[in-house]
Amino acid sequence: MHDVSTVENAVYLNNVGYAYQPGDWIVRGCTACFGRRRVAAILGPNGRGKTTLLKLLIGAMKPLEGDISSHGEIAFVPQLFDTAFNYTAVEMVVMGRAKRLGLFSQPSRHDLDLALAMMDRFGIASLANHPFDSLSGGQRQLVIFARALVAEADIVVLDEPTSALDLQNQIVVLRWMRQLAETEGLTVIFTTHHPHHALWVADDALLMMSHTNQEMGAATTMLIEPNLTRLYGTAMKRIVFEHDGRKIETLTPVFKRES
Ligand SMILES: Nc1ncnc2c1ncn2[C@@H]1O[C@H](COP(=O)(O)OP(=O)(O)OP(=O)(O)O)[C@@H](O)[C@H]1O
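Residue indices follow the written sequence of each chain, beginning from 1 at its first position. For a predicted model such as this one, the threshold for reporting local features is a pLDDT of at least 70, and the threshold for listing and counting side-chain atom pairs is 80 or more; totals across whole chains, interfaces and linings nevertheless cover every residue.

1. Structural notes on the site of the ligand
- Only the C-beta atom matters for nearness: placed from the backbone, it must lie within 6 Å of the molecule or strand for the residue to count as near. Tyr20, Ile26, Gly44, Asn46, Gly47, Arg48, Gly49, Lys50, Thr51 and Thr52 make up every residue found near the ligand.
- Counting from the N terminus, the helices are DSSP H or I runs at least four residues long and the strands are E runs at least two residues long. Here the shell around the ligand gets three residues from one element, more than from any other, and that element is helix α1 (residues 50-57).
- Any residue outside Ala, Val, Leu, Ile, Met, Phe, Trp, Tyr, Cys, Pro, Asp, Glu, Lys and Arg is labelled polar, Gly included; the first ten of those are nonpolar and the last four are charged. Residue composition of the shell around the ligand, by class: two nonpolar, six polar and two charged.

Quick look at the structure:
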């Protein structure tokens, strides 16, 4: 874990524990710090407790043990999103401004322009007036990113942000996450099943080795073959290659066809 004394923390988890059923701990003994201007990735197999940890982190659930302190407003980008009402895509994005609007206030021209500009940034401005529920999973995910951005929060928390996106849009969103931290000074925290995404954009990585053992440190030192093989129970390989004169590192599971 990075040195608590030198990094300004946006979110700090101190010995956090949570169980949905008494005694059946999903997360226990979790201590982690998420620094300002940094991107952190949370990795672990299905059912290990990543989403549970995010819900604790954003304050949607209270820890049964330990405590969490956060400094700044949080915008959350959930994994799946359905609406009960038939909002258009742009209305969904404008909702991100809710905290900036007064009670019962209508969004201003500025709010609407901001929403459309964000949609444009993600290449979905042409979908502005489409019903949100008629959009594809990936298009919805992009709408929800735009909504998180217009909120102008200090901390952005994303649950598997690239899960529904094609390869080009994965890069768009990963680049955007990096930019938020580097140029806008935000704290970005995301869960992922793609260790190479974490290696590309994260400063820090939290590996959920078991429900009671979480290990955090610099992404480049955490995302190494033995750690990931231990995490997923399947062999992983780190590959380094040159592209356009630059050294690129990526991670992939080792998969061999039987036939
Ligand atoms: N509301 C709930 N009530 C009871 N158990 C729950 C609830 N939500 C999650 N769980 C359980 O907690 C465990 C962790 O779930 P969680 O969604 O946090 O895992 P995850 O690491 O995000 O998984 P995935 O990678 O599959 O999305 C799972 O066993 C799940 O069944």
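2. A closer look at the sheet that holds strand β8 (residues 204-210)
- For two strands to be treated as a pair, DSSP must find at least two bridges joining them. Taken in spatial order, the six strands line up as β5-β6-β7-β3-β8-β9 in an open sheet, and their pairing is mixed. Among the strands making up the open sheet, the edge pair consists of β5 (74-77) and β9 (213-218). On average, each strand axis in the sheet is tilted by 15° relative to the strand beside it, whichever way the strands run.
- Pairing of β8 with β9 involves six bridges; the strand directions are antiparallel. Residue pairing across strands places Leu206 opposite Met216, the latter belonging to β9. Axis lines are fitted through C-alpha atoms, for helices just across the contact stretch, and the angle between N-to-C directions can take any value from 0 to 180 degrees.

3. As for the pairing of strand β11 (residues 246-253)
- Across eight bridges, strand β10 (residues 236-243) lies against β11 in antiparallel orientation. Note on β11: the bridge partner recorded for Val240 is Glu249.
- What sits between the antiparallel neighbours β10 and β11 is a turn of two residues, in which Asp244 has the positive phi angle 50°.

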